[in-house]
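Each chain is listed here by its residues.
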Amino acid sequence: MKLPGYYTSGQFAHMAEVSVRTIRYYDQQNILKPSYINESGARFYTDEDFVRLQQILLLKYLGFSLEDIREMTINDTDYHLMQNALNLQLKLIDDKIEQMQLVKQAIQDTSREISKNHTVNWSQMLHLIHLTGMEKSLKTQYQNASNISARIRLHEMYSQNQTGWFPWIYHNCKITDGMRILEIGCGDGTLWNENMAKLPQNISAVLSDISEGMLRDVRRRIGSDSRFSFQAFDCHRIPFASDSFDLVIANHVLFYCDDIAKVCCEVSRILVPGGRFLCSTYGASHMQEITALVQEFDSRIQLSGDALYARFGLENGAELLAPYFSEISTQLYDDALYVTDAAPLIEYILSCHGNQNQYLLERYQDFRRFVEKKTLKGFHITKSAGLFICRNKI
């Protein structure tokens, strides 16, 4: 019997122009499970499954393995998550186009070199080899962009503080005409995109990140604004002369650094005397309800390999900064989340840096039902976040 809104495996495969064998294989590999299985074992799919299949086929076309695809997609029917996934895939395609253009240029340059000199430029050939092995970096860039997007979206949707985190950070920056600014770990550039209308015309801002992929996304979002330049580097070795900047910003960055003291030394060096360093972080109670939630579902889950606040948090940050800066003040961001929908919360959980995907992806539907019950009447989440504002020593 035909179920309303459902397609048989054959119909579903025909719609997608793939074989039934392919659909069955994705089922066996836990990449695309059917939405319904009847008593006789017949499998049925929905339009939401078709959207997920689109993601799978696109990522496969771009060169990713099925193992990669399993990690890069989730089986969710929430439309705002689908829209976000499509937007991220557009970014991924833009990255692929840019990188293939680089490959094309490298091949042309190598061919011209051989025609002109009748020799092979092995350095150029090595560059070409590196360019043609970029799928791993593309996967990392996709995951980074997806993770950042998931975290920002949960806060945007459910934060009780109506000011918003990035406008609050910008307000504390106190940017004026003529300032030279460096942001360390700019991520997707949301700080600037959300506050562009407030930004003075006569400033210069260097946006940096360790990821070239992140910087490509930021360039696309900001466009050709002459106030901004972009540079990829490791903040343990900042490639600027002493006294180069009036303001340095590190938004949720220092707790990821291997050597916080070295980064602080570098920031102090590149700041002018009396220049300011703004660095944000979390406190010990930040989002603690989410940790309790996932561990109630499965006690093996750790959402982070390290307690980031223990490395650099609201409780110990001023002490770690004191040897390098003066006049350290702490500004707390008064906020909480009140979540009423499971999907954005699940998306946030899957974006964390811990071992959650190892235990959740195989039991995704069970976990979704578990979170839906928790959010049915609203789910309160504590936020403990703030900002250290430091003055460079004179």
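The shown structure was predicted, so the numbers you read here are calculated from the model rather than taken from an experiment. (Residues numbered from 1 in each chain as written. Predicted model: local features only at pLDDT ≥ 70, side-chain atom pairs only at ≥ 80, totals over all residues. Heavy atoms only, no water.)

A.B. asks: Could you give an account of the packing of helix α15 (residues 342-350) against helix α17 (residues 364-375), with specific residues and numbers?
C.D. replies: Direction vectors running N to C along α15 and α17 enclose 125°, while the axes themselves pass 9 Å from each other. Overall, the two elements α15 and α17 adopt an arrangement that is oblique. Relative to α17, the crossing made by α15 is right-handed. For the pair α15 and α17, the contacting residues are A342, A343, L345, I346, I349 and L350 in the first and Y364, F367, R368, V371, E372 and T375 in the second. When the residues that make up the contact of α15 with α17 are grouped by side-chain class, the tally is nine nonpolar, one polar and two charged. (Axes fitted to C-alpha atoms, helices over the stretch in contact; angles between N-to-C directions. Helix = DSSP H or I, 4+ residues; strand = E, 2+ residues; numbered from the N terminus. Parallel < 35°, antiparallel > 145°, perpendicular 65-115°, else oblique. Left-handed = near helix turned anticlockwise from the far one by under 90°. Contact = heavy atoms within 4.5 Å. Nonpolar A, V, L, I, M, F, W, Y, C, P; charged D, E, K, R; others polar.)

A.B. asks: Lay out the state of the cysteines with the relevant residues and their values.
C.D. replies: Across all of its chains, the model carries zero disulfides by this definition. This cysteine, C235, is not joined by any disulfide, and C257 carries the nearest cysteine sulfur, 3.6 Å off. (Disulfide = S-S within 2.5 Å.)

A.B. asks: Explain the packing of aromatic side chains to me, using residue names and the numbers behind them.
C.D. replies: Evaluated as defined, the whole model comprises 17 aromatic pairs. For the pair W165 and W168, a centre-to-centre distance of 5.3 Å together with 35° between the ring planes defines the contact as tilted. With W165 and W168 both in helix α8 (residues 165-173), this residue pair falls three residues apart, about one helical turn. In this pair, the class of W165 matches that of W168, namely buried. Here the aromatic rings of F255 and Y256 are separated by 4.9 Å at their centres, their planes lie at 85°, and the arrangement is edge-to-face. Among the residues examined, F255 registers a relative accessible area of 2% and is labelled buried. In textbook terms, an aromatic cluster arises when at least three aromatic residues are bridged by ring pairs, as seen for Y6, Y36 and F44. (Phe/Tyr/Trp six-rings, centres within 6.5 Å; stacked < 30°, edge-to-face > 60°. Buried < 20%, exposed > 50% of the residue type's maximum accessible area, 1.4 Å probe, protein only.)

A.B. asks: Provide a residue-level description of the sheet that holds strand β4 (residues 180-184), including the pertinent values.
C.D. replies: Across the sheet, which stays open at both edges, the seven strands sit in the order β6-β5-β4-β7-β8-β12-β9 with mixed pairing between neighbours. Sheet topology places β6 (228-232) and β9 (325-333) at the edges, where each strand pairs with a single neighbour. Averaged over neighbouring strand pairs, the angle between their axes works out to 15° when direction is ignored. Where strand β5 (residues 204-209) lies against β6, five bridges are found, and the strand directions are parallel. Bridge pairing in β6 links S208 to Q231. Its contacts with the sheet put helix α10 (residues 212-222) on β5 and β6, and the angle it makes with β6 is roughly 170°. (Pairing = 2+ DSSP bridges.)

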